[in-house]
Amino acid sequence: MEDTSLMFQLLDDLSKPELKRFKAYLSEDTLKGFARIPWGKLEKAGMTETVGLMKNCYGRGCRKMTQHILKTMGRRDLIERFGQNSQDSSTGFTNQTVR
């Protein structure tokens, strides 16, 4: 599955408060080596804009940042569900990377 499609599916499964919290984590220094996305860009961004900002900021590291934030939010279920469907390099969501 393409990264962008996977990102949309993951974020679509978040409630509105969870999506807001996800975006708040993106605006913080949550993962070493990853830049934060300014809250001003994220605050009113919809899902499409959020995914676009993440892809522009993180490139292929988008997957790693998403995993980290979902783990922090306690949404391992999303990581595990998509990890079962993809063990290849096109998605990077594997059960092995989340501990």
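Up top is the structure these notes are about.
Predicted model, so just to flag it, every value in this text is computed and none were measured.

1. Brief notes about the pattern of salt bridges
Evaluated as defined, the whole model comprises two salt bridges. Of the charged contacts, one joins Arg75 and Asp77 as a salt bridge, the two residues approaching to 2.9 Å between their closest N and O atoms. In this structure, a network of salt bridges that share partners links the residues Glu18, Arg75 and Asp77.

2. Structural notes on the environment of Met54
Within the element layout of this structure, Met54 appears in helix α4 (residues 47-58). Taking the relative accessible area as the measure of exposure, Met54 reaches 0% and is therefore buried. The sequence separation of Met54 and Ile37 amounts to 17 residues, and the corresponding C-alpha distance is 7.9 Å.

3. Overview of the environment of Arg63
Checked against the element boundaries, Arg63 lands in helix α5 (residues 62-72). Given the relative accessible area of 11%, Arg63 is considered buried. Here the alpha-carbon distance between Arg63 and Leu6, two residues 57 residues apart in the chain, equals 9.4 Å.

4. Quick look at the nonpolar core
Formed by 22 residues in total, the largest nonpolar core has its most connected members in Leu14, Phe22, Leu26, Met54, Tyr58, Met65 and Leu70. Of all the secondary structure elements, the ones that give two or more residues to this core are α1 (3-12), α2 (16-26), α4, α5 and α6 (76-85). If we skip the residues at most four places from it in the chain, Leu26 touches Arg36, Ile37, Leu42, Thr50, Met54, Tyr58, Met65 and Ile69.

Reading the values: rules and limits
- Residues numbered from 1 in each chain as written.
- Predicted model: local features only at pLDDT ≥ 70, side-chain atom pairs only at ≥ 80, totals over all residues.
- Heavy atoms only, no water.
- Salt bridge = Lys/Arg side-chain N within 4 Å of Asp/Glu carboxyl O.
- Helix = DSSP H or I, 4+ residues; strand = E, 2+ residues; numbered from the N terminus.
- Buried < 20%, exposed > 50% of the residue type's maximum accessible area, 1.4 Å probe, protein only.
- Core = buried A, V, L, I, M, F, W, Y, C linked by side-chain atoms within 4.5 Å.
- Contact = heavy atoms within 4.5 Å.

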